[in-house]
Amino acid sequence: MDDFKKFMSEYGGMIIGIIIAILLLLTKFYVLIIGIILIAVCGYAGHYFQHNKDIVKEKLRNLIDKL
């Protein structure tokens, strides 16, 4: 019994993560999660670009000059 408790305390999180990953793959719920993450990242990028126009323009100009 102590071996099982030690095993679960060491690998319990990994086992739960694997089970959740299998469920997400089987239900194709990961497509929704990727969509939500993509919306959040694009929203943050738009907010950043809007409030830091000059910095973004300068960085893009430097990047294009390097190419």
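Small disclaimer: the values here were computed from a predicted structure and weren't measured.

A.B. asks: Describe the packing of helix α2 (residues 30-51) against helix α3 (residues 53-66), listing the residues and the values that go with them.
C.D. replies: The description of two helices packed together rests on the angle between their axes and the distance between the axes. One way to put it is that α2 packs onto α3 with a least axis distance of 5 Å and a crossing angle of 95 degrees. In terms of axis orientation, α2 runs roughly perpendicular to α3. Of α3, the residues touching α2 (which contributes Tyr48, Phe49, Gln50 and His51) are Lys53, Ile55, Val56 and Lys59. Among the residues making up the contact of α2 with α3, the classes are represented as four nonpolar, two polar and two charged.

A.B. asks: Talk me through the packing of aromatic side chains; I want residue IDs and the actual numbers.
C.D. replies: Going through the model one piece at a time under the given rule, you end up with two aromatic pairs. When the centroid spacing of 6.2 Å and the interplanar angle of 65 degrees are considered together, the rings of Tyr48 and Phe49 count as edge-to-face.

A.B. asks: Residues and numbers for helix α1 (residues 2-27), please.
C.D. replies: In an α-helix, one full turn covers 3.6 residues, which means residues spaced three or four apart are oriented alike. For α1, with 26 residues, the first-to-last C-alpha span of 36 Å sits near the 38 Å given by 1.5 Å per residue. The principal kink in α1, of about 60 degrees, is found at Tyr11. Burial analysis of α1 places just one of its 26 residues in the buried class, a small minority of the element. Once α1 finishes, Lys28 follows within two positions and takes phi at roughly 55 degrees, a positive value.

Cut-offs and rules
Residues numbered from 1 in each chain as written. Predicted model: local features only at pLDDT ≥ 70, side-chain atom pairs only at ≥ 80, totals over all residues. Heavy atoms only, no water. Axes fitted to C-alpha atoms, helices over the stretch in contact; angles between N-to-C directions. Helix = DSSP H or I, 4+ residues; strand = E, 2+ residues; numbered from the N terminus. Parallel < 35°, antiparallel > 145°, perpendicular 65-115°, else oblique. Contact = heavy atoms within 4.5 Å. Nonpolar A, V, L, I, M, F, W, Y, C, P; charged D, E, K, R; others polar. Phe/Tyr/Trp six-rings, centres within 6.5 Å; stacked < 30°, edge-to-face > 60°. Expected span 1.5 Å × (residues − 1). Bend = angle between axes of the 7 residues up to and from the residue. Buried < 20%, exposed > 50% of the residue type's maximum accessible area, 1.4 Å probe, protein only.

Note that all results are geometric; they support no functional claim without further evidence.
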